[in-house]
Amino acid sequence: MIARLHGWLAALAGVLLALLGVYAAGRRDARQRAAQEADKAYRETRERIDEVDLGNDPDLARRWLHERGQSDRDL
């Protein structure tokens, strides 16, 4: 009787540990995916900023900054 109970408890513990492992792996993957998406968004933003050629004209740079601040889109 007790041997069967130990067997059932061991099986239940094994299933619970497997579920815990799957849950932990899912959380890890979600964190990695979020970090990759944030890196991609930063890289794209940085590329857009670097592509802007304002030359050495301070008035043009000031106007560009003003227009960027007025827009609703994110850089």
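Note that this is a predicted model, so its numbers are computed, not measured. (Residues numbered from 1 in each chain as written. Predicted model: local features only at pLDDT ≥ 70, side-chain atom pairs only at ≥ 80, totals over all residues. Heavy atoms only, no water.)

A. Structural detail: the overall build of the protein. Along the backbone of the protein there are two helices and zero strands. Expected size for 75 residues packed as a compact globule is a radius of gyration near 11 Å; at 27 Å, the protein overshoots this value by more than 25%. In terms of principal-axis extent, the alpha carbons of the protein reach across some 90 × 20 × 10 Å. For the protein, the proportion of its 75 residues judged to be buried stands at 1%. Carbon and sulfur atoms provide 58% of the accessible area of the protein, an area that totals close to 7,000 Å². (Helix = DSSP H or I, 4+ residues; strand = E, 2+ residues; numbered from the N terminus. Rg over C-alpha atoms; globule rule 2.2 N^0.38 Å. Buried < 20%, exposed > 50% of the residue type's maximum accessible area, 1.4 Å probe, protein only. Areas by Shrake-Rupley, 256 points an atom, 1.4 Å probe, with all protein chains shown as cover.)

B. Structural context of the pattern of salt bridges. Enumeration according to the criterion identifies three salt bridges in this entry. Linking Asp 29 and Arg 28 is a salt bridge whose minimum nitrogen-to-oxygen distance equals 3.6 Å. You can call Asp 29 partly exposed: its relative accessible area is 33%. Residue classification places Arg 28 among the partly exposed positions, given a relative accessible area of 41%. Among the salt bridges present, the one from Arg 62 reaches Asp 59, with a minimum N-O distance of 2.7 Å. (Salt bridge = Lys/Arg side-chain N within 4 Å of Asp/Glu carboxyl O.)

Shape descriptors only; they carry no functional weight alone.
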